[in-house]
Amino acid sequence: MYFAFFLVLGAAAYGLIVTTSAPAVSMDGQSYASGDPVTLGERSYTVASIDSGGEGELTWTDESGELTATLENGSEVPVTDVRWENQTDRYESTFEDGGQIPFNDSQYGVSINGSAPSMTLTSVNDTNVSESFAPGDSLTYRTNETTVTEIGESDATVVWGGPYAVDVNNESVSNPTNATLVEVRNYGDLASADPALYNETTRIEGTLYVTLREDNTNVPVEEYFGPKERHRIAENGTLNYNGNVTTVTSITNESVDLAWNGTVTQPVELVEGENFTAGVGSAETTYFPVFPDDSSVQIFETADRYEEYSEQRAEKSDYEDRRLGLWGIVDITVIAAIILLMAAYLPVRG
């Protein structure tokens, strides 16, 4: 009789488990997919991503955000990244749309597509031979390895020269406030390119020399080629870096820190049911996200809808607790039934 009792009790509990479904959190409101725009607190956002597991991200464009860069002491900075007045180791050339330039040992016509933006060089001897370039691409121009820095509506600019080494002026100074950008030279290449010199350099007592072919005279490299270009920067001063007028915010023995204002994409992390603040100034409001599935998100004002959301979450939590209790009953009744069944087969003494 007890065996039947536990069997019926377990079957009833299991029946409730399989015949009932968990209440889902279901909120009435607009759903957004990845890439959709949404306005919160008078600010425009974009749904940047939606991840499985109830997480995602919004982004908004900050037109006056702060951007930063760090130049490590001893590192090299490309000539395309920095500019200053009377800069001597930066060279540039402009290619006009419809013009011709020497390229690949021949003449090539220049075609500018400002909307792409791109520049196409086409051989004047064979129009089937062409090569296209975008900003940032490299090309060899008059034996120089140049970089395409800008493509406008009717012309393109290439730059070569440099680079510059970052040298923090930290001799006997624990808190330096100045640094120098020093021209980097390959004197071996310079000597090889100069027909008046032998194709090598010589170091004598710590000083680097080149040797004249005419009379085998050794001349210090900085005397022959001229002194290296040096540009000094100081804390709270400015540096034109990547086309931006930046402020030198800090100089340490390890690095030079730069900062400037520009357009920054700001992220806002979304987590199911967690509050976040969005909006502009006095229109800032607290919101919370709900993820109905792995590809959409709903966003509600906390003051208006969070109580409703909390009640639905509480109902779902209560259901899970009851479901766990029913599974406990099933486990206990199965164990009890097994024990009773085993006891029935025990031998009886006497």
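Further up the page is the structure itself.
Residues numbered from 1 in each chain as written. Predicted model: local features only at pLDDT ≥ 70, side-chain atom pairs only at ≥ 80, totals over all residues. Heavy atoms only, no water.

(A) Structural context of the overall build of the protein. When helices and strands are tallied, the protein shows four helices and 25 strands. Sequence-distant contacts, at least 24 apart, represent 52% of the contacts inside the protein between residues at least 6 apart. Total accessible area on the protein is roughly 20900 Å²; 47% of this is exposed by carbon and sulfur atoms. (Helix = DSSP H or I, 4+ residues; strand = E, 2+ residues; numbered from the N terminus. Contact = heavy atoms within 4.5 Å. Areas by Shrake-Rupley, 256 points an atom, 1.4 Å probe, with all protein chains shown as cover.)

(B) Looking closely at the environment of Thr202. With respect to the helices and strands, Thr202 occurs in strand S16 (residues 197-204). On the basis of relative accessible area, Thr202 is assigned to the partly exposed category, the value being 28%. In the structure, Thr202 is positioned 18 residues away from Pro220 in sequence and 9.2 Å away in space, judged by C-alpha atoms. Not counting residues up to four positions away in its chain, the partners in contact with Thr202 are Thr207, Leu208, Tyr209 and Thr211. (Buried < 20%, exposed > 50% of the residue type's maximum accessible area, 1.4 Å probe, protein only.)

(C) Local environment of the sheet that holds S16. A sheet is described by the order of its strands in space; here three strands give the open sequence S16-S17-S18, paired in antiparallel fashion. Both edges of this open sheet fall to S16 and strand S18 (218-220), since each of them pairs with a single strand only. Sheet twist, expressed as the mean angle between neighbouring strand axes with direction ignored, is 35 degrees. As paired strands, S16 and strand S17 (residues 207-212) are joined by five bridges and run antiparallel to one another. If you follow Ile204 over to S17, its bridge partner there is Thr207. (Pairing = 2+ DSSP bridges. Axes fitted to C-alpha atoms, helices over the stretch in contact; angles between N-to-C directions.)

(D) Layout of the pattern of salt bridges. Scanning the entire structure with this criterion turns up four salt bridges. As a salt-bridge pair, Arg90 and Glu92 come within 3.7 Å of each other at their nearest N and O atoms. Note that Glu308 is salt-bridged to Arg305, the shortest N-O span being 2.8 Å. Of the two residues, Glu308 and Arg305 are both situated in helix H4 (residues 302-344); the distance of three residues between them amounts to about one turn of the helix. Exposure remark for Glu308: the relative accessible area of 30% places this residue in the partly exposed category. Each of Arg83, Arg90 and Glu92 takes part in salt bridges that share partners, so that together they form one network. (Salt bridge = Lys/Arg side-chain N within 4 Å of Asp/Glu carboxyl O.)

(E) Structural detail: the sheet that holds strand S13 (residues 155-161). Across the sheet, which stays open at both edges, the four strands sit in the order S6-S13-S12-S11 with antiparallel pairing between neighbours. Single-partner strands in this sheet number two, and they are strand S6 (90-96) and strand S11 (138-141). Adjacent strand axes in the sheet meet at a mean angle of 40 degrees, parallel and antiparallel pairs treated alike. Relative to strand S12 (residues 144-151), S11 runs antiparallel, the two sharing four bridges. When the sheet's bridge partners are listed, Ser138 is paired in S12 with Thr147.

(F) Focus on the environment of Val248. Turning to its location among the elements, Val248 is positioned in strand S21 (residues 244-251). Residue classification places Val248 among the buried positions, given a relative accessible area of 0%. Val248 sits 14 residues away from Ala234 along the chain, and the two C-alpha atoms are 6.7 Å apart. Contacts of Val248, omitting those with residues within four sequence positions, involve Ile233, Ala234, Glu235, Asn236, Gly237, Val256, Asp257 and Leu258.

(G) Structural view of the environment of Thr201. If you trace the backbone, Thr201 turns up in strand S16. Considered as a pair, Thr201 and Asn218 are 17 residues apart in the sequence and their alpha carbons are 9.2 Å apart. Residues contacting Thr201, with those up to four places away along its chain left out, are Tyr187, Gly188, Leu208, Tyr209 and Val210.

(H) The arrangement of unusual backbone geometry in detail. Cis geometry marks the peptide bond from Ala116 to Pro117; its omega dihedral reads -15 degrees. Among the structural elements, Pro117 can be located in the loop between strand S8 (106-113) and strand S9 (118-123). Of note in the backbone geometry, Glu42 takes a positive phi value of approximately 65 degrees without being a glycine. If you check the backbone angles, Asn86 has positive phi at about 60 degrees while not being a glycine. Relative to the assigned elements, Asn86 resides in the loop between strand S5 (82-83) and S6.

(I) Region of the structure containing the packing of aromatic side chains. Scanning the entire structure with this criterion turns up 14 aromatic pairs. With 4.9 Å between their ring centres and 85 degrees between their planes, Tyr224 and Phe225 make a pair best called edge-to-face. Taking 5.8 Å as the distance between ring centres and 40 degrees as the angle between the ring planes, the aromatic pair formed by Phe288 and Phe300 counts as tilted. Taken together, the residues span a long stretch of sequence, with Phe288 in strand S24 (residues 285-293) and Phe300 in strand S25 (residues 296-301) at a distance of 12 residues. (Phe/Tyr/Trp six-rings, centres within 6.5 Å; stacked < 30°, edge-to-face > 60°.)

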